[in-house]
Amino acid sequence: MSDSIKQNSTDDEKRAPHFDNGVVEAHYGDVEDPLEENEVFKKTHDGVDFRTVGWPRATVIFLKVIFATGVLSIPSAMYSLGALGGALSVIGWGALNTYTAVIQGNFRNSHAGCHSIADMANVLGGPILKELVGFLFLIAYILCAGSGILGVSIGLNALSTHAACTVWWSFLATIFVATTASVRKFHTIGWLTWAGFVSIFLAVFIVVIAVTTLDRPAAAPATGDFDLGYHVIAYPTFIAGITASATIFVSSAGTSAFLPVISEMRNPKDFKKALFVCMGFVNAAYLSFALVVYKWCGKWVASPSLGSAGPTIKKVSYGIGLIGLIVSATLYLHVAAKYLFVRILRNTRHLQQSTVVHWSVWLGCTFGLSSLSFILAEAIPIFNYLIALTGSICFAPLAIILPGAFWLHDHAHYRSGAISKQALYYAHCFLPLLGAFICVGGTYGVVQSIINAYADGEIGGAFSCADNSNST
């Protein structure tokens, strides 16, 4: 392949390699990496070549992984923290999650054979830690897929004005999500991420504009005086504050899902380009959207926030955003299934050969894990609490504790270096402590909130047919 072709070809056009005597050339010639032979997915023409994702496409996949259900839950968290506290929380957690994502990507590229954060944990603490982290990773993205399925069921209820049992809508959503998640490669599933991102972005944007045109929030009393519930500075209880903080934290904490995507990039070292574009856009959008919705809706903001501008806009926003909700659940399920798939078939010919075993394991992973997501979505049918529980139990270890440990592992020599290096070393020691606090404190707060919600009748019960969109 000539230099002119490589310079002028698009992201997708570059994926056609030239073969000579069984050696992959030209297409991969600009990706010389001493660790290339230790990548989980090999660049190959004899079987399924998973290594076809360029950094522009990785950016869109990252965007859809992060800019998903989180943007729908932040405005209601603002009520607990106030506008100032909520804004600082969005900025602070966004910056921290971006930095820990850099740590994860650098660690992955510095250590051979790391497909997921579980493989990286193996470098850190051996096979026992690997299995524990792998289990946590699975639970995290099963819960995330469950939140996506729950969001789809809310959307279908809103669009149909609760024309069928909520469990039935959730079941249909699960089947559709499992089917779309069964596409094997991130490169192939990439076109869905474009549609999904545009869909959810437009839906949220419509709601943000619509709430500013209302005389009073749609959920507020139709007549008479009412308390908007807008506060610049709020004074929440520990339970309310930690639940809101966990909700905002998890909105940008799913960076461990980037690692399997990096494993399918043509040049894994390009991950930072995709990461910084993604996180910069996401955090700016989170901050602006959430502040506007909270300013105009106060405590009357809906969860998810697409229902905050009244019944008509609710139908419009869910009609546009439904694709985005489906794609979010699809990506989360795909990430979890891909981890399990690689875990089962790694170092066998079935990993990259389209054999019966290959397809049986892959489809078993997608449909099996989607069933678990469906059960969890029906067991915890309040959107915000499901999001916050995922953040405190799963993403506090995955996105804070482990990245801190990874950095300390690779920079152990800083401990006895110059004063500046020692300061950096001990500053990173704070990350595991912060993660432990969010994990323990956040889990306690969210579980207590769920108990209170059941006691107050906010949750009708597990596997309930009740309308979860407040349309009836």
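Look a little higher up for the structure.
Everything numeric here is computed off the predicted structure, so don't read it as measured data.

Draft legend 1. Structural context of the overall build of the protein chain. If you tally the helices and strands in the protein chain, you get 14 helices and two strands. Taken across its 472 residues, the protein chain has 57% of its residues classed as buried. Pairs at least 24 apart in sequence give 83% of the contacts found in the protein chain among residues at least 6 apart. Accessible area for the protein chain stands at about 18500 Å²; split by element, carbon and sulfur atoms hold 65% of it.

Draft legend 2. The state of the cysteines, seen in detail. A full pass over the atoms with the stated rule returns one disulfide. Residue Cys 165 pairs covalently with Cys 465 via a disulfide, S to S 1.9 Å. Here Cys 165 and Cys 465 share a disulfide; its torsion about the S-S bond, -85°, makes the bridge left-handed. Placement of the pair is Cys 165 in the loop between helix H4 (117–160) and helix H5 (166–181) and Cys 465 in the segment after helix H14 (430–456), with a sequence separation of 300 residues. For Cys 165, a relative accessible area of 23% gives the class partly exposed.

Draft legend 3. Representation of the packing of helix H2 (residues 55–66) against helix H10 (residues 311–345) in the model. Running from N to C, H2 and H10 point in directions that differ by 105°, and their axes come no closer than 9 Å. In this view, H2 runs roughly perpendicular relative to H10, as classed from their interaxial angle. Contacts from Ile 61, Lys 64 and Val 65 of H2 reach H10 at Gly 324, Val 327, Ser 328, Leu 331 and Tyr 332.

Draft legend 4. Representation of the nonpolar core. The biggest cluster of nonpolar side chains holds 135 residues, and the ones touching the most others in it are Phe 67, Tyr 141, Phe 249, Phe 395 and Leu 398. If one sorts the elements of this core by residue count, H4 sits on top with 20 residues. Discounting chain neighbours no more than four positions away, the residues touching Tyr 141 are Gly 254, Thr 255, Ser 256, Ala 257, Tyr 332, Val 335, Ala 336 and Phe 395.

Draft legend 5. Representation of the environment of Ala 309 within the structure. Counting through the fold element by element, Ala 309 comes out in the loop between helix H9 (271–297) and H10. Expressed as a C-alpha distance, the spacing of Ala 309 and Val 293, which sit 16 residues apart in the sequence, is 9.3 Å. Look past the residues within four positions of Ala 309 in its chain and what remains in contact with it is Val 207, Ala 210, Val 211, Leu 214 and Ala 218.

Draft legend 6. Up close: the packing of aromatic side chains. If you walk through the whole model with that rule in mind, you get 24 aromatic pairs. Centre to centre, the rings of Phe 67 and Phe 201 are 6.0 Å apart; their planes meet at 40°, and the pair counts as tilted. Placement of Phe 67 in the loop between H2 and helix H3 (70–110) and of Phe 201 in helix H6 (residues 186–211) is noted, with a sequence separation of 134 residues between them. Plain terms: the ring middles of Phe 197 and Phe 281 are 5.6 Å apart, the flat faces sit at 65° to each other, and that makes the pair edge-to-face. Of the two residues, Phe 197 is situated in helix H6 and Phe 281 in helix H9; the sequence distance between them amounts to 84 residues. Judged by its relative accessible area of 13%, Phe 197 falls in the buried class. The class of Phe 281 is partly exposed, set by a relative accessible area of 34%.

Draft legend 7. Structural view of the pattern of salt bridges. Scanning the entire structure with this criterion turns up six salt bridges. A salt bridge links Asp 119 to Arg 346, with the nearest nitrogen and oxygen atoms 2.9 Å apart. Of this pair, Asp 119 sits in helix H4 while Arg 346 sits in the loop between H10 and helix H11 (356–379); the two residues are 227 residues apart in sequence, bridging distant segments of the chain. The class for Asp 119 is buried, based on a relative accessible area of 8%. The shortest N-O distance in the salt bridge between Glu 264 and Lys 338 comes to 2.5 Å. Of this pair, Glu 264 sits in the loop between helix H8 (258–262) and H9 while Lys 338 sits in helix H10, and the two are 74 residues apart along the sequence. The class of Glu 264 is buried, set by a relative accessible area of 0%. Here the residues in one salt-bridge network are Asp 119, Lys 130 and Arg 346, joined through shared partners.

What counts as what
- Residues numbered from 1 in each chain as written.
- Predicted model: local features only at pLDDT ≥ 70, side-chain atom pairs only at ≥ 80, totals over all residues.
- Heavy atoms only, no water.
- Helix = DSSP H or I, 4+ residues; strand = E, 2+ residues; numbered from the N terminus.
- Buried < 20%, exposed > 50% of the residue type's maximum accessible area, 1.4 Å probe, protein only.
- Contact = heavy atoms within 4.5 Å.
- Areas by Shrake-Rupley, 256 points an atom, 1.4 Å probe, with all protein chains shown as cover.
- Disulfide = S-S within 2.5 Å.
- Axes fitted to C-alpha atoms, helices over the stretch in contact; angles between N-to-C directions.
- Parallel < 35°, antiparallel > 145°, perpendicular 65-115°, else oblique.
- Core = buried A, V, L, I, M, F, W, Y, C linked by side-chain atoms within 4.5 Å.
- Phe/Tyr/Trp six-rings, centres within 6.5 Å; stacked < 30°, edge-to-face > 60°.
- Salt bridge = Lys/Arg side-chain N within 4 Å of Asp/Glu carboxyl O.

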